[in-house]
Amino acid sequence: MDRLKLKAVLGSHPHVQAVKSGELRSDLFDFDFITYTPTNTAFKPMVREQAFDVCEMAIVTYLMAKAHGKPLVLLPAAMLGRFQHAYALYNPERGRLGPTDLEGKRVGIRSFTTTTGAWIRGILANDYGVNLDRIRWVTFEDPHVAEYVDTTERAPKDKNILQMLIDGELDAVLGETSDNPKLKPLFPDPAAEAAKWYARRGVVPVNHLVVVTEQLAKSRPDVVAGVYDLLKRSKERAGPAATPDLIPFGIEANRRPLELIIDYAFQQALIPRRYAVEELFDETTRGLN
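Summary of the structure given here.

Comments concerning the sheet that holds strand 6 (residues 106-109)
At step 1: The six strands lie next to each other as 8-7-6-9-5-10, forming an open sheet whose pairing is mixed. At either margin of the open sheet sits one strand with a lone partner, and together these are strand 8 (153-154) and strand 10 (184-185).
At step 2: Pairing between strand 6 and strand 9 (residues 172-174): three bridges, direction parallel. Each bridged residue has a counterpart across the sheet, and for Ile 109 the counterpart in strand 9 is Leu 174.

Side note on the packing of aromatic side chains
At step 1: For the structure shown, the criterion picks out nine aromatic pairs.
At step 2: With a centroid separation of 5.5 Å and 75° between ring planes, the pair formed by Tyr 36 and Phe 52 is classed as edge-to-face. Of this pair, Tyr 36 sits in the loop between strand 2 (29-33) and helix 2 (43-49) while Phe 52 sits in the loop between helix 2 and strand 3 (54-58), and the two are 16 residues apart along the sequence.
At step 3: Here the aromatic rings of Phe 83 and Tyr 198 are separated by 5.6 Å at their centres, their planes lie at 80°, and the arrangement is edge-to-face. Here Phe 83 is found in the loop between strand 4 (72-81) and strand 5 (88-90), whereas its partner Tyr 198 is found in helix 6 (residues 190-201), with 115 residues between them in sequence.
At step 4: Through successive ring pairs, a cluster of aromatic residues spans Phe 29, Phe 31 and Phe 33.

Some details on the environment of Ile 261
At step 1: Of note, Ile 261 is situated in helix 9 (residues 251-267).
At step 2: A relative accessible area of 1% means that Ile 261 is categorised as buried.
At step 3: Along the primary structure Ile 261 and Val 206 are separated by 55 residues, whereas in three dimensions their C-alpha atoms are 8.5 Å apart.
At step 4: Setting aside residues up to four positions removed in sequence, Ile 261 forms contacts with Ile 59, Val 60, Leu 63, Ala 118 and Trp 119.

Comments concerning the nonpolar core
At step 1: Counting residues in hydrophobic clusters, the biggest one holds 58 residues, and the most contacted among them are Leu 63 and Leu 280.
At step 2: Looking at this core, the element that brings in the most residues is helix 9, giving seven residues.
At step 3: The contact partners of Leu 280, leaving out residues within four places of it in the chain, are Tyr 62, Leu 63, Lys 66, Leu 74, Leu 258, Ile 262 and Tyr 275.

Regarding the sheet that holds strand 11 (residues 206-213)
At step 1: Read across the sheet, five strands follow the order 2-1-3-11-4 without closing on themselves; strand pairing throughout is mixed. A single partner strand is all that each edge strand has here, and the edge strands are strand 2 and strand 4. In this sheet, neighbouring strand axes are inclined to one another by 30° on average, regardless of whether the strands run parallel or antiparallel.
At step 2: With five bridges connecting them, strand 1 (residues 4-9) and strand 2 associate as parallel partners. Considered in strand 2, the bridge of Leu 4 is made with Phe 29.
At step 3: Sitting on the sheet, helix 8 (residues 221-237) touches strand 1, strand 2, strand 3, strand 4 and strand 11, and the angle it makes with strand 4 is about 5°.

As for the packing of helix 4 (residues 115-128) against helix 9
Two measures define how a pair of helices packs: the angle their axes make with one another and the distance between the axes.
At step 1: Two numbers describe how helix 4 lies on helix 9: the axes approach to 9 Å, and their chain directions differ by 80°. Viewed along their axes, helix 4 and helix 9 adopt a mutual orientation that is roughly perpendicular. Contact residues: Ala 118, Trp 119, Gly 122, Ile 123, Asn 126 and Asp 127 in helix 4; Pro 257, Leu 260, Ile 261, Tyr 264 and Gln 267 in helix 9.
At step 2: Looking at the contact of helix 4 with helix 9 residue by residue, the class counts come to seven nonpolar, three polar and one charged.

Definitions and limits used
Position numbers for residues count from 1 along each chain, tracking the sequence in the order it is written. With the structure being a predicted model, the display of local features is reserved for residues of pLDDT at least 70 and the display and counting of side-chain atom pairs for 80 or more, all residues being used for whole-chain, interface and lining totals. Hydrogens and waters are ignored; side-chain quantities use all the structure's heavy atoms. At least two DSSP bridges between two strands are required for those strands to pair. The helix and strand labels rest on DSSP assignments: H or I over at least four residues marks a helix, E over at least two residues marks a strand, and numbering proceeds from the N terminus. In this scheme Phe, Tyr and Trp rings, the latter by its six-membered ring, pair at centre separations within 6.5 Å, and the angle between planes marks the pair as stacked below 30 degrees, edge-to-face above 60, and tilted otherwise. Here the term buried applies to any residue with accessible area under 20% of the maximum for its type, exposed to any over 50%, and partly exposed to those in between, with areas from a 1.4 Å probe on protein chains only. Whether two residues are in contact is decided by their heavy atoms, any of which lying within 4.5 Å being enough. In this text, buried Ala, Val, Leu, Ile, Met, Phe, Trp, Tyr and Cys residues form a nonpolar core when linked through side-chain atoms within 4.5 Å. Lines are fitted to the C-alpha atoms to define the axes, a helix being fitted only along its stretch in contact, and any angle between axes, read from their N-to-C directions, falls within 0 to 180 degrees. Convention used here: angles under 35 degrees read as roughly parallel, angles over 145 as roughly antiparallel, angles from 65 to 115 as roughly perpendicular, and any remaining angle as oblique. For this scheme, ten residues count as nonpolar: Ala, Val, Leu, Ile, Met, Phe, Trp, Tyr, Cys and Pro. Four count as charged, namely Asp, Glu, Lys and Arg, and the remainder, Gly too, count as polar.

These results come straight from atomic positions and should not be treated as a statement about function.
Following this line, the structure appears as structure tokens:
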């Protein structure tokens, strides 16, 4: 069979470097890598047009794409995972604020449907008892999935999210970090909070995995399995995984993070029902470990 050329978007992660450099290659296909900076700017064309054969994708974007029947198939190959507590900021010049103080406040977020936002809102609601409906959400971008009806307040087009926080136009922001000395983390000691959360939940908050088009999955399941195998070998070549492993590979390794983000996405009305983990995969990808 002829070698396929697969249009692909993957971030510049250390664990995919062996694939992106061509050091690791497949006998079945070649990657034609297309650069998007930041990587999340590729999610919208992938969801809306299936613009690539293989693409890194935020898990909430994928869940919402699935809910709206987009022809994409998930691979259990994590590209980015991180503890989320450090990605929430406030401005202490305008008074002390903690995670339980957000009700009635204006909170900025790039888009309401970002995966980091969904993780942090899930933590606020389920671990701190925050009523998310009592927060005034201010957003800056459209969702990647066009069919989602966004009812949040939209910031003026010329506004910057961190500048609005500094200027007192927002009380807090989610999904951002900053070196600005005026801004402080909403969670007083993010690393300690994350450690306690992990001890309680036993879950690594996975942000990005990989999707392929349904057309590729149906026509060349061997190639899809080969993509996964290549990415897994690349991860192994990058050295031993950290503890906990922030970039888990395989369905069982990703099961608990997927179950929890599905739960959070459902609670936040981003998806219409709770999916079983197996539903996120097809006949080929369901067997990958």
